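# Examination of the molecular architecture
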Amino acid sequence: MKIFGRRTRDGSRVTDEDVTWAYRIALGREPENTRVVAEQRKGAPTLLDLRRNIFNSVEFLHGIGRTIVAQIPPTFFAGAAPDITSPDRVDLRDRMFRHIAESWSNYGETEAHWSVLTFDRYREETLKENLDEFHRSGAMLVQSFQRALARNTLALPQGGTCIELGCGVGRITRWLAPLFDKVIALDVSPGHLALAKEYVGRHANNVEFRQLRGIEDFEQLPPADAFYTFLVLQHNPPPVIEAILDRVFARLASKAIAFVHLPTFIPDYHFDAEAYLAEREQRLDMEMHMLPQKDVFRLTARHGMQLFEVLGQTNEQLIVADNILLQKA
């Protein structure tokens with residue numbers, strides 16, 4: 001059973017020549033010196049890492065990257081709906097949730113930071129010298145969230161409560177905290193939560209951390225004025241994604257803001273709940289899933305959520321992930 005998008009072939013090791021040509025092609029210049037080349041190699045163990053680093057750099061995005069014609073989205077050629085089969089059975093959905101919780105609890109004890117951002121420089125053996133960079137990435141995401149609000153003439157409520165789904169080790173939580181009176185940071189992994197408490201606790205005292213043990217925990221959340229989730233829902237099977245969003249949207253107060261990052265298209269994706277559990281329930285690893293836009297929009301309509309913006313991003317595997325900005329009526 002295939003439940004993932006297509007994979008890139010490239011795990012090759014990076015050479016000095018690779019770095020030099022990456023600079024020439026993507027940045028239009030030579031590397032400054034051999035030290036810079038060595039630093040790029042250290043931060044990019046594979047060619048895929050090097051491409052990500054260069055193409056996500058400020059210099060590329062504000063330089064040559066701005067002149068590149070946008071590619072035709074993979075959805076342009078997709079002529080069939082993804083085959084997602086899941087009986088409306090609570091027992092199956094709860095088993096899926098427990099399976100995902102076990103997988104991420106395992107990462108919380110082994111490679112917590114790398115599991116959040118899967119660059120090799122964030123693995124335990126090289127984390128110390130890259131930890132500040134890791135944490136700064138959270139600030140950039142919150143700034144992007146604020147820019148999305150500004151260009152849609154939306155504002156966060158004064159004070160209020162924000163629910164963050166999948167807080168991980170707190171890299172985004174720390175930067176959300178100053179925007180609200182209270183942040184309720186949710187995660188399934190005790191290991192991630194322990195690291196998040198330690199890190200965020202040095203910067204904020206208005207964050208409540210909660211471990212999610214089941215879908216029913218979402219029904220115990222207090223009314224909230226904002227909801228934020230990024231790089232989280234994608235690791236959950238479609239029935240779990242739908243159940244989570246349904247319950248969180250129900251907890252949002254009138255005029256609440258929601259920012260949801262979610263893959264809505266994966267090439268050749270199909271999902272069968274019973275086959276999925278039979279194949280993967282005993283495997284503790286990282287998964288990539290999606291929920292079609294039609295199902296996302298059906299949920300937003302059910303809960304009176306007004307859609308303000310959908311910005312899609314396509315990665316190397318031709319997976320389309322949407323940043324969705326909403327406000328509850």
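Residues numbered from 1 in each chain as written. Predicted model: local features only at pLDDT ≥ 70, side-chain atom pairs only at ≥ 80, totals over all residues. Heavy atoms only, no water.

### Topic: the sheet that holds strand β4 (residues 207–211)
Pairing within the open sheet is mixed, and its seven strands lie in the order β4-β3-β2-β5-β6-β9-β8. The sheet is open, and its two borders are formed by β4 and β8 (305–314), each paired with just one other strand. Within this sheet the neighbouring strands show an average axis-to-axis angle of 15°, counted without direction. Of the strands in this sheet, β3 (182–187) and β4 touch helix α9 (residues 190–200), which is tilted by about 170° from β4. (Pairing = 2+ DSSP bridges. Helix = DSSP H or I, 4+ residues; strand = E, 2+ residues; numbered from the N terminus. Axes fitted to C-alpha atoms, helices over the stretch in contact; angles between N-to-C directions. Contact = heavy atoms within 4.5 Å.)

### Regarding the layout of surface pockets
Roughly 400 Å³ of internal volume is contained in the second largest pocket. In terms of lining residues, the second largest pocket is bounded by 20 residues, among which Ser-86, Pro-238, Pro-239, Glu-242 and Arg-298 are the most central. Broken down by secondary-structure element, the contributors of at least two residues to the lining of the second largest pocket are α5 (90–110), α10 (238–251) and α12 (293–302). For the lining of the second largest pocket, the leading source of residues is α10, giving six residues. Looking at the lining of the second largest pocket residue by residue, the classes come out as 10 nonpolar, one polar and nine charged. (1 Å grid on protein atoms, 1.4 Å probe; cavity = no way out; pocket = protein on both sides within 12 Å on 5 of 7 lines; lining within 4 Å. Points joined across faces, edges and corners; volume = space filled by probe spheres on them. Nonpolar A, V, L, I, M, F, W, Y, C, P; charged D, E, K, R; others polar.)

### Thoughts on unusual backbone geometry
Positive phi is not limited to glycine here, since Thr-153 has a value of about 50°. At Lys-255, a residue that is not glycine, the phi angle is positive and equals roughly 75°. Overall, the relative accessible area of 53% leaves Lys-255 in the exposed class. (Buried < 20%, exposed > 50% of the residue type's maximum accessible area, 1.4 Å probe, protein only.)

### A word on the pattern of salt bridges
For side chains of opposite charge, pairing can occur when their charged atoms come near one another. Inspection of every chain in the model, using the stated rule, returns 26 salt bridges. Between Lys-42 and Glu-129 there is a salt bridge whose closest N-O contact spans 3.8 Å. Residue Lys-42 is found in helix α2 (residues 34–43), and its partner Glu-129 is found in the loop between α6 (112–116) and α7 (131–151); the two are separated by 87 residues along the sequence. You can call Lys-42 exposed: its relative accessible area is 58%. Note that Arg-247 is salt-bridged to Glu-219, the shortest N-O span being 3.2 Å. Remark: Glu-219 occurs in the loop between β4 and β5 (224–229) and Arg-247 occurs in helix α10; sequence separation between them is 28 residues. Several salt bridges converge on common partners, so that one network encompasses Glu-279, Arg-280, Arg-283, Asp-285 and Glu-287. (Salt bridge = Lys/Arg side-chain N within 4 Å of Asp/Glu carboxyl O.)

### Quick word on the packing of aromatic side chains
Scanning the entire structure with this criterion turns up 10 aromatic pairs. Relative to Tyr-107, the ring of Trp-104 has its centre 5.3 Å away and its plane inclined at 55°; by these criteria the two rings are tilted. With a gap of three residues between them, Trp-104 and Tyr-107 both fall in helix α5, about one helical turn apart. Tyr-107 matches Trp-104 in its accessibility class, with the two residues each being buried. Plain terms: the ring middles of Phe-271 and Tyr-276 are 5.1 Å apart, the flat faces sit at 45° to each other, and that makes the pair tilted. The pair Phe-271 / Tyr-276 is uniform in exposure class, with both members buried. An aromatic cluster is defined as three or more aromatic residues linked by ring pairs; in this entry it consists of Trp-104, Tyr-107 and Trp-114. Just above the ring of Phe-134 sits the side chain of Arg-171; from NZ or CZ to the centre is 6.0 Å. Across the ring face of Trp-175, the terminal group of Arg-174 is positioned such that the distance to the ring centre comes to 3.8 Å. (Phe/Tyr/Trp six-rings, centres within 6.5 Å; stacked < 30°, edge-to-face > 60°. Lys NZ or Arg CZ within 6 Å of the ring centre and 35° of its normal.)

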